[in-house]
Amino acid sequence: NLNQTTYIFKSKLADIPINNTIPLHTYSFQKLPQISHHPCLITSSGKTYTYGDTHRASRNFAVGLFNLGIRKGDVIMILLPNSPEFVFSFWAASMLGAVSTIANPSYNSAEITKQLKATKSKIVVTRAMHVHKLKQEEENTFIVITVDNPPENCMSFSVVSRTEGTLPEVDINPDDAVTLPFSSGTTGSPKGVVLTHRSLITNMAQLVVGENPNLHMKEDDVVLCVLPLFHIYALYCVMLCSTRVGCRVLLMEKYEMRALLELVEKQRVSVVMAVPLLVAAFSKNPEVEEYDLSSIRMVMSGGAPLAKDINGAFRSRFPQAILRQALGMTESGPVIAMSLGFAKYPMATKLESCGSVVRNAKMKIIDPLTGSSLPYNTSGEICIRGQQIMKGYLNDEKASAEAIDEEGWLHTGDIGYVDNNDEIFIVDRLKELIKFKGFQVESSTIVQRTSKGGSRYEV
Ligand code: AYL
């Protein structure tokens, strides 16, 4: 219908040029010569790796993987909690033009096997305690590397990292996959989400690059990484964005409130990437009062709706900090919208909004039945277009075509509207996706875990 208006929403920030045809690791470590002595990773026990150390360890592991036969396009599975080796493995794969697939180490054997098979992973990097869950099958064999003492038939991460050789020259295409997180998308079982060098560079630039970055992270920031790196939120928003900016990442293996508070105080954490449950803990748990958390200047909530009543409690405890939201989805590379309250030159925004569409992207809200685009203040399905979105689902053309239409719009399955200040509000969800404490889980898992009274993510 030619008479029909198309309402397109854009960021209030102007588009910027994005150098997204280089490899992801090159883009991310662009400042390395200037910052090689700056801290990059800090573990909860206080061990520090500089940018130089991190890059070197990643390179060494890449050489080791190459010597084990890993080539461009091969997949390695990272089955680890937050740890320096997780970070080194991710960059090592990227440096080889290989691909990482990230998985929750507390998955059961069937869940891991499914992902191993779907991705044809040739290497699994994990801990000795998880090796029993890895099933070798005739049509699906892989080498297991453990970051701790290797059990029989496994190799040691440090030994692999010490093998001689030089990093091969690889020709990386911007549209080559670099990582394969798994997501249920809008329907069905978890599928591999193909994120490319181009998509992740684009999304980093949309947030942390330019004269007025939408998400103002600074070189002297200390960013808390308690959300798991095997999920896109922390992988992207903590690890990738921090590396590009040159700030430090405090790696916490598991969530335990007292330990977390001690670390935030000791390491002077300034940026907290959180899910709503963590925001609630910061705002309401009594033990928070016992610590000096005045270093926190920014708290981001994402992954699930934020409770409306949190603001008062948060403000009284963190008067110096800004709390706002971001909207992301694994398939969208991942950030769709980010509060402009986080910008270098911040704008007035509302806490209840999950942000405004990122720059260098287009968003529309459509009527889910007719597909026609809707104006301001009218709810419909959020669709996003830009170079940051996934290439598609791994080996699943049907699901890919359902998610991304011929014009390149990714249909998110989220229902929301845009207000007069260009802020997005989520009101509902079309999709079957099950989220537990801010993260996706398989429906079978939720029943299993809750019946035991525990949770997969302690957040
Ligand atoms: P996935 N408010 C409400 N729902 C949200 C929000 C939010 N702020 N953020 C995410 N969701 C829901 O793939 C929404 O239904 O990635 C969305 O389609 O596990 C779904 O979660 C996607 O789930 C960030 C912030 C990355 C968030 C993310 C993505 C996390 C979730 C980077 O800075």
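Worth saying up front: this structure is predicted, and the values here are computed from it rather than measured.

With that settled, the discussion passes to the overall build of the protein. Scanning the protein from terminus to terminus reveals 13 helices and 24 strands. Against the globule reference of 23 Å for 459 residues, the protein gives a C-alpha radius of gyration of 21 Å, in line with a compact fold. Each principal axis of the C-alpha distribution contributes one length, and for the protein these read about 65 × 55 × 50 Å. Here the protein holds 459 residues, and 60% of them are scored as buried. When contacts within the protein are restricted to residue pairs at least 6 apart in sequence, those whose partners lie at least 24 apart make up 69%. Of note, the protein has its 46 positive side-chain charges centred 2 Å away from the centre of its 46 negative side-chain charges.

Taken as a whole, the largest pocket encloses approximately 730 Å³ of empty space. Forming the boundary of the largest pocket are 36 residues, of which Gly303, Ala304, Pro305, Leu327 and Ile426 lie nearest the centre. Contributing elements (two or more residues each) for the lining of the largest pocket: α8 (232–245), β15 (322–328), β21 (410–418) and β22 (424–429). Considering only residue class, the lining of the largest pocket consists of 18 nonpolar, 10 polar and 8 charged.

Where side chains of opposite charge bring their charged atoms close, a pairing between them can arise. Tallied over the full model, the rule gives 17 salt bridges. Of the charged contacts, one joins Lys350 and Asp419 as a salt bridge, the two residues approaching to 3.1 Å between their closest N and O atoms. Of this pair, Lys350 sits in the loop between β16 (335–338) and β17 (356–357) while Asp419 is found in the loop between β21 and β22, placing the two residues 69 residues apart along the sequence. You can call Asp419 buried: its relative accessible area is 9%. Residues joined in a network through salt bridges with shared partners are Lys350, Asp419 and Glu423.

The strand order across the open sheet built from 9 strands is β2-β1-β12-β11-β13-β14-β15-β16-β17, with neighbouring strands paired in mixed fashion. Only two strands of the sheet have a single neighbouring strand rather than two, namely β2 (48–50) and β17. Direction of pairing for strand β11 (residues 222–225) relative to strand β13 (residues 271–274): parallel, over a ladder of 2 bridges. Bridge pairing in β13 links Val223 to Val271. Packing against the sheet, helix α4 (residues 84–95) makes contact with β1 (39–43), β2 and β12 (248–251), and its axis sits at approximately 140° to β1.

The subject of this paragraph is unusual backbone geometry. Backbone torsion omega between Gly333 and Pro334 reads -5°, so that peptide bond is classified as cis. Within the secondary structure, Pro334 sits in the loop between β15 and β16. Non-glycine residue Lys120 carries a positive phi angle of around 50°. Within the secondary structure layout, Lys120 lies in the loop between α5 (109–119) and β5 (123–126). What makes Lys120 exposed here is its relative accessible area of 58%. In the Ramachandran plot, Asn153 falls in the positive-phi region, its phi being about 65° despite a non-glycine side chain. Along the chain, Asn153 falls in the loop between β6 (143–146) and β7 (155–156).

Quick look at the nonpolar core now. Counting 101 residues, the largest nonpolar core has Leu215, Met217, Tyr236, Met273 and Met363 as the members making the most contacts within it. Of all the elements, α8 adds the most residues to this core, at 11 residues. Residues within four places of Met273 in sequence aside, it is in contact with Leu215, Met217, Val223, Leu224, Leu227, Tyr233, Cys237, Val238, Leu278 and Met300. Counting 31 residues, the second-largest nonpolar core is a separate cluster that includes Leu224, Leu278, Ala281 and Leu293.

Bringing the site of the ligand into the picture now. Of all residues adjacent to the ligand, which total 21 residues, the nearest are Ala326, Thr330, Asp414, Lys431 and Lys435. Between the ligand and Lys431 there is a distance of 2.5 Å, counted from an oxygen atom to a side-chain nitrogen or oxygen. Here an oxygen atom of the ligand sits 3.1 Å away from a polar atom, N or O, in the side chain of Gln440. Burial of the ligand by the surrounding chains reaches 99%, relative to a free accessible area of 670 Å².

Moving on, we get to the pairing of strand β18 (residues 362–366). Counted residue by residue, β18 has 4 buried out of 5 residues, so it is predominantly covered. As judged from the 5 bridges shared by β18 and strand β19 (residues 380–385), these two strands associate in the antiparallel manner. Bridge pairing in β19 links Met363 to Ile384.

Per the stated rule, a full pass over the model turns up 2 cavities of 30 Å³ or more. When its volume is computed, the largest cavity comes out at roughly 50 Å³. As for the largest cavity, its lining consists of Ser184, Gly185, Thr186, Thr187, Lys191, Tyr393, Ala399, Glu402 and Ala403. Ranked by residue count, the leading element in the lining of the largest cavity is helix α12 (residues 397–403), at 3 residues. Partitioned by chemical class, the residues of the lining of the largest cavity number 3 nonpolar, 4 polar and 2 charged. There is about 40 Å³ of room inside the second largest cavity. Around the second largest cavity, the lining residues are Phe9, Lys10, Ser11, Lys12, Ser356, Val357, Met363, Val418, Asp422 and Ile424. The residue inventory of the lining of the second largest cavity, partitioned by class, reads 5 nonpolar, 2 polar and 3 charged.

Reading the values: rules and limits
- Along each chain, the written sequence defines residue order, and numbers are assigned to residues from 1.
- Where local features are concerned, this predicted model is filtered to residues with pLDDT of at least 70; where side-chain atom pairs are given and counted, the filter is 80 or more; whole-chain, interface and lining totals use all residues.
- Calculation of side-chain values draws on the structure's entire complement of heavy atoms; hydrogens and water are dropped beforehand.
- Secondary structure elements follow DSSP: runs of H or I of four or more residues count as helices, runs of E of two or more count as strands, with numbering from the N terminus.
- Here the radius of gyration uses the C-alpha set of atoms, whereas the globule reference equals 2.2 Å times the residue count to the power 0.38.
- Each residue is assigned to one of three classes by its accessible area relative to the maximum for its type, calculated with a 1.4 Å probe on protein chains only: buried under 20%, partly exposed between the two thresholds, exposed over 50%.
- Any two residues whose heavy atoms approach within 4.5 Å at even a single point are treated as in contact.
- We count Lys and Arg on the positive side and Asp and Glu on the negative side, and we leave His and both chain ends out.
- Charged groups are reduced to one reference atom each: NZ for lysine, CZ for arginine, CG for aspartic acid, CD for glutamic acid.
- Buriedness of a pocket was judged along seven lines, with at least five required to meet protein on both sides within 12 Å; pockets are open sets of points on a 1 Å grid over the protein atoms alone, cavities are sets where a 1.4 Å probe fits but cannot get out, and lining residues have an atom within 4 Å of a point.
- Grid points are joined across faces, edges and corners, and a volume is the space filled by probe spheres set on the points.
- Each residue gets one of three labels, nonpolar for Ala, Val, Leu, Ile, Met, Phe, Trp, Tyr, Cys and Pro, charged for Asp, Glu, Lys and Arg, and polar for the others, Gly among them.
- A pair is scored as a salt bridge if a Lys or Arg side-chain nitrogen falls within 4 Å of a carboxyl oxygen belonging to Asp or Glu.
- The pairing criterion for strands is at least two bridges between them, as found by DSSP.
- To obtain an axis, a line is fitted to C-alpha atoms, over the contacting stretch when the element is a helix, and the angle between two such axes runs from 0 to 180 degrees between their N-to-C directions.
- To qualify as a nonpolar core, a set must consist of buried Ala, Val, Leu, Ile, Met, Phe, Trp, Tyr and Cys residues joined through side-chain atoms within 4.5 Å.
- Whether a residue is near a molecule or strand depends on its heavy atoms: if one lies within 4 Å, it is near.
- Under the rule applied, a polar contact is a pair of N or O atoms within 3.5 Å (in protein, one hydrogen donor and one hydrogen acceptor; residues adjacent in sequence only if both atoms are side-chain atoms).
- Exposure was quantified through the Shrake-Rupley algorithm and a 1.4 Å probe, taking into account, for residues, occlusion by the shown protein chains and nothing else.

Purely geometric stuff here, so don't read any function into it on its own.
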